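# Overview (structure and organization)
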Amino acid sequence: VTAISTDLQSWATRAPTLDYNGYALVVDSGGNSYYFGLTVDTADAVVAKHSSAGAKLWSITLHAASSIRFKKAIIDTNGDIIAVGRLGNTEFGNIALVKINATGSVVWSTEISYNRPSTVTYVEDLSSDSSNNLYLLWSRRTVSTADSDNLLIKLSSLGTEVWANSLVSPEQ
């Protein structure tokens, strides 16, 4: 990373080689940043934490049967990082979630599959409540019929499904 000649820059750092089509970034209350990327050579997910001063504190590699393209990350009230993305190299993958603590250890990971045949999936949003339950909004579109819907899924703080609701558009 080339230094930028401006008074606004306090630090910059170079990430490992990433596929920029699959990343998420979140910053905690202490100014530490966590980024999620995808290695080009092995298609493994990479998670790294940098301090508010830009020092790399840790990085981990997450291995899966297919690549994980994380799209959204949040921090819960315990300071754990939860990220969601799609498994696989196509738009037809299942959804992957991972919870990592502030020291870089994986607390849990899970895969969600509500796919219909030939269905494109998109991660739309992820949120948590004061009890660290998770709420995932995910959209699906069937290629052959153009039918689409959204799924709103509630997961416990342990990553287990509590309920799921299909939210069909008013036109259908």
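A brief report on the enclosed structure follows. (Residues numbered from 1 in each chain as written. Predicted model: local features only at pLDDT ≥ 70, side-chain atom pairs only at ≥ 80, totals over all residues. Heavy atoms only, no water.)

## Things to note about the environment of I81
Mapped onto the elements, I81 comes out in strand β6 (residues 81-87). Classification of I81 as buried rests on a relative accessible area of 1%. In the structure, I81 is positioned 53 residues away from D28 in sequence and 9.0 Å away in space, judged by C-alpha atoms. (Helix = DSSP H or I, 4+ residues; strand = E, 2+ residues; numbered from the N terminus. Buried < 20%, exposed > 50% of the residue type's maximum accessible area, 1.4 Å probe, protein only.)

## Quick word on the pattern of salt bridges
Within this structure, the stated rule accounts for 3 salt bridges. The shortest N-O distance in the salt bridge between D125 and K72 comes to 3.5 Å. With D125 in strand β9 (residues 119-128) and K72 in strand β5 (residues 68-75), this pair connects stretches of sequence that are 53 residues apart. Judged by its relative accessible area of 35%, D125 is partly exposed. One salt bridge in this structure joins K99 and D76, with 3.3 Å as the shortest N-O distance. In this pair, K99 sits in strand β7 (residues 95-100) while D76 sits in the loop between β5 and β6, placing the two residues 23 residues apart along the sequence. Taken individually, K99 and D76 each receive the classification buried, so the pair is uniform in this respect. It is possible to trace a salt-bridge network through shared partners that takes in D76, D80 and K99. (Salt bridge = Lys/Arg side-chain N within 4 Å of Asp/Glu carboxyl O.)

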